Amino acid sequence: MTKEVSIIDLVNVIRSKNAGPFELTFDIIFKDKETYEKVKKTKVITKELIAKLYHISIEKVLYFVEFDPANAIKATIVRPVDSGSIGETDVYGAQQHAPLLGIKIPYKE
Amino acid sequence: MKEIRVLSPVGMLGYGFPVKSFQKGLEKKPHVIAADAGSTDAGPHKLGAGVGIVSKEATKKDLTLMLTAGCENKIPVIIGSAGGSGAEVHLNWTSEIVKEIAKEKNLHFKMALIHAEVEKDYLKNKLAEGKIKPLGPVSELTPKDIEEATRIVGVMGVHSHIKALELGAEVILAGRSNDPAMFAALPIREGYNPGLALHMGKILECGAMASTPGTTSDCMMAYLREDYFIVEPTNPMRKCIPSTVAAHTLYEKSSPLHIIGPEGITDVTECKFEQYSERAVKVSGSILKKSKIINIKLEGASKVAYRTICIAGLRDPIMIRQIDECEKHVRDTVFTYFNDISTEDYKLLFHIYGKNGVMGTLEPQKEITSYELCLILEVVAKNQELANIICAFARSTLLHYSYKGRIATAGNLAFPYAPSDIPTGAVYKFNIHHLVEVDDPDELFSIEIVKV
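Residues numbered from 1 in each chain as written. Chains lettered and ligands numbered in written order. Predicted model: local features only at pLDDT ≥ 70, side-chain atom pairs only at ≥ 80, totals over all residues.

A. Structural context of the overall build of chain B. For chain B, the helix and strand inventory stands at 13 helices and 19 strands. C-alpha atoms of chain B, sized along the principal axes, occupy 80 × 50 × 50 Å. Long-range pairs, those at least 24 residues apart, make up 76% of the contacts in chain B between residues at least 6 apart in sequence. (Helix = DSSP H or I, 4+ residues; strand = E, 2+ residues; numbered from the N terminus. Contact = placed C-beta atoms within 7 Å.)

B. Broad picture of the overall build of chain A. Tallying secondary structure elements over chain A gives 3 helices and 6 strands in all. In terms of C-alpha radius of gyration, chain A reaches 14 Å, essentially the compact-globule figure of 13 Å for 109 residues. Overall, the C-alpha framework of chain A stretches about 50 × 25 × 20 Å when taken along its three principal axes. The long-range share in chain A, meaning contacts at least 24 apart out of those at least 6 apart in sequence, stands at 61%. (Rg over C-alpha atoms; globule rule 2.2 N^0.38 Å.)

C. Molecular detail of the interface of chain B and chain A. Listed as interface residues are 41 residues of chain B and, on the opposing side, 40 residues of chain A. Elements represented by at least two residues in the side of chain B that touches chain A include exactly α10 (242–250), β15 (294–314), β16 (346–353) and β18 (421–438) of chain B. Its residues placed into classes, the side of chain B that touches chain A shows 23 nonpolar, 13 polar and 5 charged. (Nonpolar A, V, L, I, M, F, W, Y, C, P; charged D, E, K, R; others polar.)

D. Structural context of unusual backbone geometry. Note the cis peptide between T212 of chain B and P213 of chain B, where omega equals -10°. Here P213 of chain B shows up in the loop between α9 (194–204) and β8 (220–224). Across the junction of A418 of chain B and P419 of chain B, the peptide omega takes the value 5°, indicating a cis bond. The residue N71 of chain A is not glycine, and still its phi comes out positive at about 50°. Looking at where N71 of chain A falls in the secondary structure, it is placed in the loop between β4 (61–67) and β5 (72–78). For N71 of chain A, a count of 25 C-beta atoms within 10 Å corresponds to the buried category. (Buried ≥ 20, exposed ≤ 12 C-beta atoms within 10 Å, placed from the backbone.)

E. A look at the sheet that holds strand β4 (residues 110–114) of chain B. All names here are of chain B. The mixed open sheet is built from 10 strands, whose spatial order is β12-β13-β9-β8-β1-β2-β3-β7-β4-β19. The open sheet has two edge strands, β12 (272–277) and β19 (447–451), and neither has a second partner. Here the average twist between neighbouring strands, direction ignored, is 20°. Examined bridge by bridge, strand β1 (residues 4–8) and strand β2 (residues 32–36) share 2 bridges and lie parallel to one another. By the bridge assignment, L7 is partnered in β2 with I33. Contacts from helix α4 (residues 88–105) reach β3 (77–80), β4 and β7 (171–174) within the one sheet, and its direction differs from that of β7 by about 155°. (Pairing = 2+ DSSP bridges. Axes fitted to C-alpha atoms, helices over the stretch in contact; angles between N-to-C directions.)

F. Representation of the nonpolar core in the model. All names here are of chain B. Counting residues in hydrophobic clusters, the biggest one holds 149 residues, and the most contacted among them are I79, I172, L173, M200, A222, L224 and V231. Counting residues per element, this core draws most heavily on β15, at 8 residues. Every residue in contact with M200, bar those within four places of it in the chain, is listed here: F183, A184, A222, L224 and F229. (Core = buried A, V, L, I, M, F, W, Y, C linked by C-beta atoms within 7 Å.)

G. Here's a closer look at the sheet that holds β5 of chain A. Read from one edge of the open sheet, 4 strands run β2-β3-β5-β4 (chain A), paired in antiparallel fashion. Pairing within the sheet leaves two strands with one partner each, and these edge strands are β2 (11–18) and β4 of chain A. Adjacent strand axes in the sheet meet at a mean angle of 10° when their direction is disregarded. Relative to β5 of chain A, β4 of chain A runs antiparallel, the two being bridged by 6 bridges. By the bridge assignment, Y63 of chain A is partnered in β5 of chain A with T76 of chain A. The strands touched by α10 of chain B are β2, β3 (23–30), β4 and β5 of chain A; relative to β3 of chain A, the strand with the most contacts, the crossing angle is about 160°.

H. The arrangement of the confidence of the model for chain B in detail. Averaged over every residue, the pLDDT of chain B is 94; the share at 70 or more is 99%. Two summary scores accompany this predicted model of the complex, namely pTM at 0.88 and ipTM at 0.90. (pLDDT = per-residue confidence, 0-100.)

I. Fine view of the pairing of strand β6 (residues 149–154) of chain B. Residue and element names in this part refer to chain B. The element β6 is extensively covered by neighbouring structure, given that 5 of its 6 residues are classed as buried. Looking at chain direction, β6 and β15 are connected through 5 bridges and run antiparallel. Paired with R151 across the bridge in β15 is A301.

J. Geometry of helix α12 (residues 323–337) of chain B. Residues and elements named next belong to chain B. Here α12 contains 15 residues, and its C-alpha end-to-end distance of 21 Å stays within 8% of the 21 Å for a straight helix at 1.5 Å per residue. If you check which residues of α12 are buried, you get C326, V330 and V334. Along the long axis of α12, the arc covered by the buried residues comes to 70°, so they all point the same way. Opposite the buried face of α12, at more than 90 degrees from it, the exposed residues are D324, K328, D332, F335 and T336. (Expected span 1.5 Å × (residues − 1). Arc of directions from axis to C-beta.)

K. Quick peek at the environment of A197 of chain B. All names here are of chain B. One can find A197 in helix α9. With 129 residues separating them in the primary sequence, A197 and T68 have C-alpha atoms 26 Å apart. Setting aside residues no more than four positions away along its own chain, A197 makes contact with A184, P187, I188, Y192 and L224.

L. Molecular detail of helix α1 (residues 19–27) of chain B. All names here are of chain B. For α1, the set of buried residues is S21, F22, G25 and L26. For α1, the arc enclosing every buried residue in end-on projection is 140°, short of the 170-degree limit, so these residues lie on one face. More than 90 degrees from the buried face of α1, the exposed residues found are V19 and E27. On its buried side, α1 packs onto β1, α3 (56–73) and β8.

M. Representation of the pairing of β12 of chain B. In terms of strand pairing, β12 of chain B meets strand β13 (residues 280–284) of chain B through 5 bridges, oriented antiparallel. Bridge pairing in β13 of chain B links S277 of chain B to A280 of chain B.

N. Quick peek at the packing of α12 of chain B against helix α13 (residues 384–400) of chain B. Residues and elements named next belong to chain B. Look at α12 against α13: their axes get within 10 Å of each other, and the N-to-C directions meet at 135°. Between α12 and α13, the crossing angle belongs to the class labelled oblique. The two elements α12 and α13 cross, and the hand of that crossing is right-handed. In this structure, α12 contributes C326, V330, T333, V334 and Y337 to the contact, and α13 contributes I390, F393, A394, T397 and L398. (Parallel < 35°, antiparallel > 145°, perpendicular 65-115°, else oblique. Left-handed = near helix turned anticlockwise from the far one by under 90°.)

Structural data, given as structure tokens:
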């Protein structure tokens, strides 16, 4: 049985943080290996999705990795403004994760 | 069985840690006590202005516990990225605190100071030799960048820490260091697997963050053996589980598979994270791919402007609906009024909380649903006086603007403070974030031995 599940119900962590002053990195860490593997299979979370959610060009998504040992998906994008520079909105980059919370997964029980 | 034990009392020197946790860690007889005192996290201002991230009192408190324990137990104490940004002024600041503590507690030890601040002429030569390249999405370095930076540091690896240990240092105060270096130095010197040592260092540098409930303000102990290491928080209320340790390997890094540092790339693709005991996790499989060329990261900050802000609340729904138009009106009015000043000399920014204050251009939500907005009007300009003048003008323009349909004619903004305009001083930017190729790290990082 497949139903649409909010990603919030499938994870322990969804966070954003600076990776150095010029990059912003997102971690989506799933509850367990089984959940992680199921979500990976759906191929919903991709580089393209990240670009779409943050409405940036795909070239600005610098890394996209599925890290099995942590049951986690990581994506890193170019920071719109380098950390602490003029035009900064979030020095630590820790509050940029909200668009990820709206992800829905067609989850197979 | 061959084993080396490393105690990390806290994720950031000055954040504080429970004395009980620290004592529990000491009971396990660590071979070294180490802590990371710095970060680029807090922005370029700390490096640019030469100030610290945490207070003197907080730093002194943490250091007192660590130094007295180090002296009593005859264990080396290693602090990296001293003072936050790890330049000369930060190193000196920390060194003064250490001397104060030594005097108060009657401690005597051999201290190594490892300098990380880089000379501009040296870098200009390196640049001319073509030995400097960008790190990350930044442009090529120019001599102007070097000149404009208020201070520049190199990020040292284990090499310099090991050298200090070999010189007999009992306390090491290092300038800007790669996060794992303080923790990995002694193990690598003793012949342990460098990939494991560096990975272990990456976990320890945040204190007990890689545990649950995680925090940087508590202690983490690591036991490094031949083919694996074990991490365990010393506070019994916390435990490491495979997911917390694996997740920490991802933290703050662009890619989780490779941890890049001056020693090379630590490949964690084949890593295994296993529950070793109730509160400890075993990590194996981290491999260091040593780089043939030594590349040292450079961090530099330059002063770019002076800033004045004004905080104001908006509560009128008729105005809130038209906030974009109000912003445009203020911008146009400022531009016209100050038409004798070049637009290169100032910038006007609107931070509108309730619209896109937190995410700025990344905000996907297009509709304002708040009944209240917080506006931070910001002006950055070439000097403080100009920033003050423009901010005052923009503020009064917005305060009195007769937007379409206005019926609340007494004033558009709610200021929490008088004066409403707040000069906040100099603004900095990381203008150097590059790699410099060196033949020997010693050319960048000099070691000074001091008898305390």
